[in-house]
Amino acid sequence: MGKTFLVCLVILLASASTILGRELLAQPTCPPPGFSSAKSFDLMSYISAPWYVQKQVTTTYTPENFLYCVRANYIQIAGPGDLSKGVYVNNYSNKDRVNGLAATTSKAQGGFQLYATVPDDAVPSQLQVGPYLGDNGVTTAVSSASAKMSGEAANYWVVATDSSSADPKFEGYEWAIITTGPPTIPSGNGCRTGSADGGIADVAQRGFWWFTRKQVATAETLEALRAKSLELGLDLGVLQDVQQAGCDYSGAP
Ligand SMILES: *[C@@H]1O[C@H](CO)[C@@H](O)[C@H](O)[C@H]1NC(C)=O
């Protein structure tokens, strides 16, 4: 007893607290406290040009063999400068290879038209994406809500951008990080979006994208996207590369 016991006790306690500390680090709170979408967000500027996907989590809609030439283009339904009816979401990707068979959500090109709305005008960085069932004249909020009720609309949150529209020198966006709302699943390496039970809800709820204005992103931009995603508490392990070099978008919607 005495000295040896005390030394042993101290060592034991010290290693126990280290293990405990690791456990705590490995199990963050998900969603991370304060996780939300971008503040001072200029939706009109955001949709003013196509977005090229550099990395993303695979979804039922975009499985691994479609991670070629992925692009999103948004077109105001009510006409230029008018967001009142939401925007068509024209996703585009190629199967199996760069410039392979094209898949698109543009109805004009035989796809299943998607559209996005902003349910709350006060929060333009929180959109919802769902199937476009035709211009039925209802307000965006109502049509979006009904799509949500049918379980077909997914959250589309712009959670970070390179610049803020509140900045007097704001000249538009170079990159953006998109998630399907707050990432609720702790993975041991951060937080993931999706539904823990897999299943049908997971289809709409799993989403995480790195968008850039440039078709092929610079290493600097990719590093900025990585740093910001980590800061937000997102698990980067789910991301897969999208091939952009050599993609021909001339026929894309
Ligand atoms: C289209 O892409 C957006 C993100 O850009 C995503 O929210 C949506 O689920 C995609 N849908 C399909 C069918 O590809």
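To be clear, the structure that these remarks concern was listed above.
Quick summary incoming for the structure in this document. (Residues numbered from 1 in each chain as written. Predicted model: local features only at pLDDT ≥ 70, side-chain atom pairs only at ≥ 80, totals over all residues. Heavy atoms only, no water.)

### Focus: helix H5 (residues 219–231)
Turn by turn, an α-helix covers 3.6 residues, leaving residues three or four places apart pointing in a common direction. With 13 residues, H5 extends 18 Å between its outermost C-alpha atoms, agreeing within 8% with the 18 Å of an ideal straight helix rising 1.5 Å per residue. Those residues of H5 that fall on the buried side of the exposure criterion are Thr221, Leu225 and Ser229. Each buried residue of H5 lies within a common arc of 70° when the element is viewed along its axis, so the set occupies one face. Residues Ala219, Glu220 and Glu231 are exposed on H5 and point more than 90 degrees away from its buried face. On its buried face, H5 is in contact with strand S8 (175–179) and strand S11 (208–212). One or two steps after H5, the chain reaches glycine 233, where phi turns positive at roughly 90°. (Helix = DSSP H or I, 4+ residues; strand = E, 2+ residues; numbered from the N terminus. Expected span 1.5 Å × (residues − 1). Buried < 20%, exposed > 50% of the residue type's maximum accessible area, 1.4 Å probe, protein only. Arc of directions from axis to C-beta. Contact = heavy atoms within 4.5 Å.)

### So, the nonpolar core
Generally speaking, soluble globular proteins have nonpolar side chains that are buried together. Core analysis: the biggest nonpolar cluster contains 27 residues, and Tyr46, Tyr74, Tyr156, Val158, Ile178 and Phe211 have the highest contact counts within it. Ranked by residue count, the leading element in this core is strand S2 (residues 68–76), at 3 residues. Aside from chain neighbours lying at most four places away, what touches tyrosine 74 is Tyr46, Ile47, Trp51, Val87, Tyr88, Val89, Tyr156 and Phe211. Counting residues in hydrophobic clusters, the runner-up holds 14 residues, among them Ala160, Trp210, Leu232 and Leu239. (Core = buried A, V, L, I, M, F, W, Y, C linked by side-chain atoms within 4.5 Å.)

### Digging into the state of the cysteines
Scanning the entire structure with this criterion turns up 2 disulfides. Note on cysteine connectivity: cysteine 30 is disulfide-linked to cysteine 191, with sulfurs 2.0 Å apart. Classification of the bridge connecting cysteine 30 and cysteine 191 rests on its S-S torsion, roughly -85°, and on that basis the disulfide is left-handed. Residue cysteine 30 is located in the loop between helix H1 (3–26) and helix H2 (43–46), and its partner cysteine 191 is located in strand S10 (residues 191–192); the two are separated by 161 residues in the primary sequence. Exposure remark for cysteine 30: the relative accessible area of 18% places this residue in the buried category. Cysteine 191 gets classed as buried once you look at its relative accessible area, which sits at 2%. Between the sulfur atoms of cysteine 69 and its disulfide mate cysteine 247 the distance is 2.1 Å. (Disulfide = S-S within 2.5 Å.)

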